[in-house]
Structure formats: C-alpha cells, structure tokens
Amino acid sequence: MIIGLQIVAILFSLSMVYFAALNYKRREINGTEIAGWMVIWIGTIIVVVFPELLRTFARTFLFARVFDMMVVGAFLLVILMAASSYMRTKRLEKKLEDLVRKLSLKKK
Amino acid sequence: MKIFIVIPLFNEEKHIVKVLKEVSAYKMPIVVVDDGSTDSSGRKIIDCRSKIVTLLQHKINLGKGAAMKTGAVYAFTHGADAVIFMDSDAQHNPEDLTKFTRKLEGEKYDVIFGSRNLNLGVPLVRYLGNKFVSSFFRIYISDTLCGFRGVTRKAYEKIKWESTGYGVETEMVIRTGKAKLRFCEVPVETIYHSGVKGVTPLDAFGILAQVVKWRLTI
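Values in this document were obtained by computation on a predicted structure and should not be read as measured data.

**Examining the layout of surface pockets**
All names here are of chain A.
Part 1 of the argument: Approximately 880 Å³ is the volume attributed to the second largest pocket.
Part 2 of the argument: Along its surface, the second largest pocket is lined by 27 residues, and Thr44, Val48, Met70, Val71 and Ala74 are the ones closest to its centre.
Part 3 of the argument: Among the elements that line the lining of the second largest pocket, the one with the most residues is helix H4 (residues 66-105), at 10 residues.
Part 4 of the argument: Considered class by class, the residues forming the lining of the second largest pocket number 20 nonpolar, five polar and two charged.

Okay, structure coming up:
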C-alpha cells in the first residue's frame, strides 16, 4: 500500500518537474522560480523514496508518521499559495479597473 | 444644486434609446457608462446623443459597481453636487426622478434609496436578505438591491465603494450606515419586461458572502 502511494507521489512529482521545465522554456517563469520549484519537487521525491530521512524531524513535531507530516505541510503550502494568489489577483483587478476608468475618462 | 444622472450600461441595445429619450426630458446632464457592451448599445447612444448626454466607454466589462464609480467620478469632477443612478434596462420610471431631486435639494438628504417595496410591502426573501444586512450593520433599507438612488458629493466621498459588480448596492447601504449619513427611501415604480438580466441567485449568494467580508473590513 505504501509502495503504491510512493509510486503515485513520485509520478506526480515528476510530472510537476516536467510542467515547471515547460513553463521555464516558455519563459513564463524565471530562473529563480524554476530553481525553487525544482528544489520542492526533487526534495519531495527524495523524501518519498527515503521517508526515514524525516522520521526524527516528524517525531520532534509529534507526528506519528512522516506521511502525516507531509500531508500537513502540503496543506499549509496550498493555503499559503491560495492566499498569495488571491492577493495578487485583487491587486491586478484594482490596477485593471483603474486603468480602464482612466482610459474612459481621457479627453472627456 | 447641479444634479447629474449616471446610467451604467451593459448590452441594453433594446432599451437604452428609450431610457435616454425619457430621461433627457428632465434637462439634467446624463452620463452613460458603457461597461464594455458587445452589442450595438454604444453606437445607438452615439447616434441619438444630444448635448446633455456624455458617453464614457469601458474597454472591457468591469461590472456595474465599476461603471457607477466611473460615472460618479466624471460627474463630480465636472461640477456635480449630486448624482442619481438609474438602470439602463428601462425598469425605472423617469417620472420618479423628481422624488429624488426633491429630497436632495429640498430636504438635504445625503443619500436617497429608491425602494420597490415601500408601497407594496417587502417580499419574504428580500425581507430576510435585508434583515441579514441590518443585523450586521444596524441599518434597515426595505430594498437594498434597487439601483435607483441618489448621492451627494459629500456622501460619495464617505461611501466610495470597492465593489465592481452587483454587490455595489448593498455596499453603499452598509457604508451609508457606517458613515452615519442622513438617508431616506422613496417609493419607485418598477417596470418589468421580458429578457431582464439583473441579479441572479448566484449573484445574491456572492453578495451575502461579501456582507460577511464587509463586516470584518468596513
């Protein structure tokens, strides 16, 4: 069962590495961003293959299994990214609104 | 008192000419904000435009709240002391305009809300929605979603809204209550006809969610 989960996690991580590389190739993300994503996904693969690496760390934070700690960590990361994405969208919406208004009021 | 009429417009080619003809009779400056219409609304206005009608065009559709704000910004930077907002779908009767001007000029109210319910009684669903808002903000308006309303320059400075969509009407009510402005309601007639867009149940749900957000932020 654990092996099955590990295979799924590795395949998922590998596909995310591919998408990160694709985005970099299309110049949608810069060098720093691709490096950040590579660290995250390759780190995930290493931890999935060798969960013992984080066992001591997990015990320190009172997690029974490394898997539980990774799920909580991933959940926190998703919340962080959703919040950051929401704020960026709001800022962009405001800028767009101001720009459209400015254009409509121009020369009137 | 110089009063401008602001009409936010989105895809109302069937009604906008009729609305403009009827409103023009009141000899008040009219600002139509075409909010990125994809039909021939904009062209129809240009064809029938008179000296008192100003057309502002959003390049893309931002929403009713954003269009109202653009109209208000234009009006107040061109000498308006107050603005009256009207919908472009011919649901509002221009004859009701005098009720607003009387309250703005004669009785010196800051904000005047049109209400479709004052004479007929409030439908249960709308009553519950209004109660929901009032329980949060201690202001009760019998028709929080009616787009027919008047605002003075002083009031506008205090209730400048953030909503770009249909939440604008509710946000105006909430900000009016928060700013402790002098407000009143006037009964307005609603002319219903087929093909009316307006607030959908999904919009209403979104507005309710926004009410909770405003409770925390305003």
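Back to the write-up after that little detour.
**Section: the interface of chain B and chain A**
Part 1 of the argument: Every contact between the two is made by 18 residues of chain B and, on the other side, 10 residues of chain A.
Part 2 of the argument: With both sides pooled, the region where chain B packs onto chain A buries about 1,100 Å², and carbon together with sulfur makes up 65% of that total.
Part 3 of the argument: Taken together, the links from chain B to chain A amount to zero salt bridges.
Part 4 of the argument: Where chain B meets chain A, there are two residue pairs in polar contact (both at pLDDT 80 or more).
Part 5 of the argument: Those elements that place two or more of their residues in the side of chain B that touches chain A are strand E3 (53-58) and helix H3 (64-77) of chain B.
Part 6 of the argument: Of the residues that constitute the side of chain B that touches chain A, the class distribution is seven nonpolar, six polar and five charged.

**Remarks on the sheet that holds strand E5 (residues 111-115) of chain B**
Residue and element names in this part refer to chain B.
Part 1 of the argument: The seven strands lie next to each other as E3-E2-E1-E4-E6-E5-E7, forming an open sheet whose pairing is mixed. Two strands lie at the open edges of the sheet, namely E3 and strand E7 (183-187), each paired on one side alone. Adjacent strand axes in the sheet meet at a mean angle of 20°, parallel and antiparallel pairs treated alike.
Part 2 of the argument: Seen against the sheet, helix H7 (residues 168-178) touches strand E4 (82-85), E5, strand E6 (149-152) and E7 and runs at an angle of roughly 45° to E6.

**Section: the packing of helix H2 (residues 31-49) of chain A against H4(A)**
Residue and element names in this part refer to chain A.
Part 1 of the argument: Packing of H2 against H4 leaves a shortest axis separation of 12 Å and a crossing angle of 165°. Relative to H4, the element H2 lies roughly antiparallel. In the packing of H2 onto H4, the handedness of the crossing is left-handed. In this structure, H2 contributes Trp37, Thr44, Val47 and Val48 to the contact, and H4 contributes Val66, Met70 and Met81.

Rules behind the numbers
- Residues numbered from 1 in each chain as written.
- Chains lettered and ligands numbered in written order.
- Predicted model: local features only at pLDDT ≥ 70, side-chain atom pairs only at ≥ 80, totals over all residues.
- Heavy atoms only, no water.
- 1 Å grid on protein atoms, 1.4 Å probe; cavity = no way out; pocket = protein on both sides within 12 Å on 5 of 7 lines; lining within 4 Å.
- Points joined across faces, edges and corners; volume = space filled by probe spheres on them.
- Helix = DSSP H or I, 4+ residues; strand = E, 2+ residues; numbered from the N terminus.
- Nonpolar A, V, L, I, M, F, W, Y, C, P; charged D, E, K, R; others polar.
- Contact = heavy atoms within 4.5 Å.
- Buried area = accessible area lost by both parts, 1.4 Å probe.
- Salt bridge = Lys/Arg side-chain N within 4 Å of Asp/Glu carboxyl O.
- Polar contact = N/O pair within 3.5 Å; in protein donor to acceptor, adjacent residues only side chain to side chain.
- Pairing = 2+ DSSP bridges.
- Axes fitted to C-alpha atoms, helices over the stretch in contact; angles between N-to-C directions.
- Parallel < 35°, antiparallel > 145°, perpendicular 65-115°, else oblique.
- Left-handed = near helix turned anticlockwise from the far one by under 90°.

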